[in-house]
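Below, each chain spelled out in residue letters.
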Amino acid sequence: MNGGRRIWVVDDDRNTRLALTEGIADEGFEVTGFACAEDVVAESARGTPDLLIADLVLPGGMNGLGLLRHFKSTAADAAVIMVSGEGTLSTAVEAMKDGAADFITKPVRLRELLKTVARVLETRQLVAENTRLKEEVATLKGRFEIVGAESGLREILEIVEQ
């Protein structure tokens, strides 16, 4: 059901990282765990996941918000869920303004996370499908024209095109 969908989990706490990666993998996702943001950035040069789950507090020069901003600047359609045990309301709001799909507090309850993952991935899929359909409609627009239609029908068609 979830095969082929790639999820990356970045958390410097080994136990949390393993629990999340194993729990998500049990649902049929392809999951990779990372201990720091720099490893995620390096791997993203080869491709990005369908979803990134990132801890807010990470070791090294880049925290979770920096990683979120990196993903949004390099792949605007990237879906990111932020996780933190130290996050304040203002941090959560900042993450959401920067493009996070959700913000979950620790300790993470796996069932809650899996529901959030499903919702975020479904939303991402719907947005991609909507974009594709808009592009398809734009390429078809103007190809077909009704010849000899009455003025009333032409007015309706003009309204529909808007």
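What comes next concerns the included structure. As the structure is a computational prediction, the values presented were derived from the model and not from experiment. (Residues numbered from 1 in each chain as written. Predicted model: local features only at pLDDT ≥ 70, side-chain atom pairs only at ≥ 80, totals over all residues. Heavy atoms only, no water.)

Some words on the layout of surface pockets
Definition in use: Of the grid points, spaced at 1 Å and generated over the protein atoms alone, those admitting a 1.4 Å probe that cannot get out make up cavities, while open sets with protein on both sides within 12 Å along at least five of seven lines make up pockets; any residue with an atom within 4 Å of a point is treated as lining. Grid points are joined across faces, edges and corners, and a volume is the space filled by probe spheres set on the points. Each helix is a run of DSSP H or I of at least 4 residues and each strand a run of E of at least 2, with the numbering of both proceeding from the N terminus. Polar here means any residue other than Ala, Val, Leu, Ile, Met, Phe, Trp, Tyr, Cys and Pro, which are nonpolar, and Asp, Glu, Lys and Arg, which are charged; Gly is therefore polar.
In this structure, the second largest pocket encloses a volume near 210 Å³. Residue lining of the second largest pocket: 13 residues in total, with Asp 77, Ala 79, Thr 123, Arg 124 and Val 127 positioned closest to the centre. Among the elements that make up the lining of the second largest pocket, the one with the highest residue count is helix H5 (residues 110-140) (six residues). Across the lining of the second largest pocket, the residue classes break down as seven nonpolar, two polar and four charged.

Observations concerning the pairing of strand S1 (residues 6-10)
Put simply, the rule is: When accessible area is computed with a 1.4 Å probe and restricted to protein chains, residues below 20% of their type maximum are described as buried, those above 50% as exposed, and intermediate ones as partly exposed. Strands are treated as partners if at least two bridges between them are detected by DSSP. Handedness of a crossover is defined as follows: orient the strands so they point away from the viewer, and if the path from the first strand over the helix to the second runs clockwise, the crossover is right-handed.
Where burial is concerned, most of S1 is hidden: four out of the five residues are buried. Bridge count for S1 against strand S2 (residues 30-34) is five bridges, and the pairing is parallel. Across the sheet, the residue bridging to Val 9 is Gly 33, located in S2. The β-α-β motif built from S1, the intervening helix H1 (residues 14-25) and the parallel element S2 has right-handed crossover chirality. As defined by bridge partners, S1 adjoins strand S3 (residues 51-55) across four bridges and the pair is classed as parallel. Its bridge partner being in S3, Val 10 is matched across the sheet by Ala 54.

Topic: the pattern of salt bridges
Two side chains of opposite charge can pair, provided their charged atoms sit close to one another. Where we set the bar: We count a salt bridge whenever a side-chain nitrogen from Lys or Arg sits within 4 Å of a carboxyl oxygen from Asp or Glu.
Under the definition given, this model contains 10 salt bridges. Across the pair Lys 106 and Asp 55 runs a salt bridge, and its minimum N-O distance is 3.2 Å. Taken together, the positions of Lys 106 in the loop between strand S5 (102-105) and H5 and Asp 55 in strand S3 put the pair 51 residues apart, joining distant regions of the chain. Each of Asp 11, Asp 55 and Lys 106 takes part in salt bridges that share partners, so that together they form one network.

Observations regarding the nonpolar core
Inclusion rule: For the purposes of this section, nonpolar cores are sets of buried Ala, Val, Leu, Ile, Met, Phe, Trp, Tyr and Cys residues that join through side-chain atoms within 4.5 Å. The criterion used for residue contact is that any of the two residues' heavy atoms lie within 4.5 Å.
Counting 21 residues, the largest nonpolar core has Val 10, Val 40, Leu 52, Leu 67, Phe 71 and Met 82 as the members making the most contacts within it. Secondary-structure elements contributing two or more residues to this core are S1, helix H2 (37-44), S3, helix H3 (64-74), strand S4 (80-84) and helix H4 (89-97). The leading source of residues in this core is H3, at four residues. Among residues more than four places away in sequence, those in contact with Val 10 are Phe 34, Ala 35, Cys 36, Ala 37, Val 40, Leu 52, Ile 53, Ala 54, Asp 55, Leu 58 and Leu 67.

Re the sheet that holds S3
Where we set the bar: Every angle, taken between N-to-C directions, lies between 0 and 180 degrees, and every axis is a line fitted to C-alpha atoms, over only the stretch in contact when it is a helix.
Strands sit in the order S2-S1-S3-S4-S5 across an open sheet of five strands; the sheet is parallel. At either end of the open sheet lies a strand with only one pairing partner, and these are S2 and S5. Each strand of the sheet is rotated relative to its neighbour by a mean of 20°, with strand direction disregarded. The sheet strands contacting H3 are S1, S3 and S4, and the helix crosses S4 at an angle near 175°. The sheet strands contacting H4 are S4 and S5, and the helix crosses S5 at an angle near 150°.

Some thoughts on the packing of aromatic side chains
The condition is simple: Only the six-membered ring of Trp is used, alongside the rings of Phe and Tyr, when aromatic pairs are assigned; centres must lie within 6.5 Å, and planes under 30 degrees apart are stacked while those over 60 apart are edge-to-face, with the rest tilted.
Scanning the model with the defined rule gives two aromatic pairs in all. Aromatic pair Trp 8 and Phe 71: ring centres 6.3 Å apart, planes at 85°, arrangement edge-to-face. Residue Trp 8 is located in strand S1, and its partner Phe 71 is located in helix H3; the two are separated by 63 residues in the primary sequence. Taken as a pair, Trp 8 and Phe 71 share a single burial class, namely buried. Following the ring pairs from residue to residue traces out a cluster consisting of Trp 8, Phe 34 and Phe 71.

A look at H2
Operational definition: By construction, the arc corresponds to the directions joining the helix axis to the C-beta atoms.
Of all the positions in H2, only Ala 37, Val 40 and Ser 44 are classed as buried. Each buried residue of H2 sits inside an arc of 60° when the element is viewed along its axis, so together they form one side. Each element contacted by the buried residues of H2 is listed here: S1, S2, S3 and H3.

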